[in-house]
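# Fold and geometry: a report
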Amino acid sequence: MTAAAPAFEPPPPRPGAPEPLAEPGVAELRLEQVLGALADPLRLAIVRKLLLESEEYDQPCGWFGIDRPKSSLTHHFKVLREAGVTRQRQYGLERRSQVRVADLELRFPGLLALIADWEPAEPR
């Protein structure tokens, strides 16, 4: 018997939140693009952290505590957004991210549960 997949609920929209940056529509989400974006361990860790630890509507880059150059993080967040994994909104000079829970569950049921269950490999 397998355990029931965890239910991921997207937080309600923040009142007055800016419109999301350009992203593919639900029907345009392609599994190979989503999996390609998630193939990078850092991006997979970003999505997992958003799924399991985020209590806010969306999170700024600094919330993740990743010690990488800003340009590198910008690239990783852009890849996730353009693949349709995350949604980003611009708040002044800051971009905030959230997982597109409802869209991904609709298009690829069970994918988010796999991400939540993923355990990072121990460094060698």
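Residues numbered from 1 in each chain as written. Predicted model: local features only at pLDDT ≥ 70, side-chain atom pairs only at ≥ 80, totals over all residues. Heavy atoms only, no water.

### Things to note about the nonpolar core
- With 23 residues, the main nonpolar core has Leu38, Val47, Val85, Val99, Leu104 and Ile115 as its most contacted residues.
- Sorting the residues of this core by element identifies helix H1 (31–38), helix H2 (41–53), helix H3 (70–83), helix H4 (101–107) and helix H5 (111–117) as the ones contributing at least two each.
- Excluding anything up to four places from it in sequence, Leu104 contacts Leu29, Val34, Gly84, Val85, Val99, Pro109 and Leu112. (Core = buried A, V, L, I, M, F, W, Y, C linked by side-chain atoms within 4.5 Å. Buried < 20%, exposed > 50% of the residue type's maximum accessible area, 1.4 Å probe, protein only. Helix = DSSP H or I, 4+ residues; strand = E, 2+ residues; numbered from the N terminus. Contact = heavy atoms within 4.5 Å.)

### Observations regarding the pattern of salt bridges
- In this structure the tally under the stated criterion is nine salt bridges.
- When the shortest N-O distance is used, the salt bridge between Glu23 and Arg87 registers 2.6 Å. On the criterion of sequence distance, the pair formed by Glu23 in the segment before H1 and Arg87 in strand E2 (residues 86–91) is long-range, its members being 64 residues apart.
- We classify Arg87 as buried; its relative accessible area is 19%.
- Put simply, Glu23, Arg87, Arg100 and Asp103 are held in one network by salt bridges that share partners. (Salt bridge = Lys/Arg side-chain N within 4 Å of Asp/Glu carboxyl O.)

### Quick notes on the environment of Ala83
- Residue placement: Ala83 occurs in helix H3.
- Of the residues examined, Ala83 reaches a relative accessible area of 6% and is grouped as buried.
- Along the backbone, Ala83 and Leu38 are 45 residues apart, and their C-alpha atoms lie at a distance of 9.3 Å.
- In this structure, Ala83 is in contact with Pro24, Leu29, Gln33, Val34 and Ala37, ignoring residues within four places of it in sequence.

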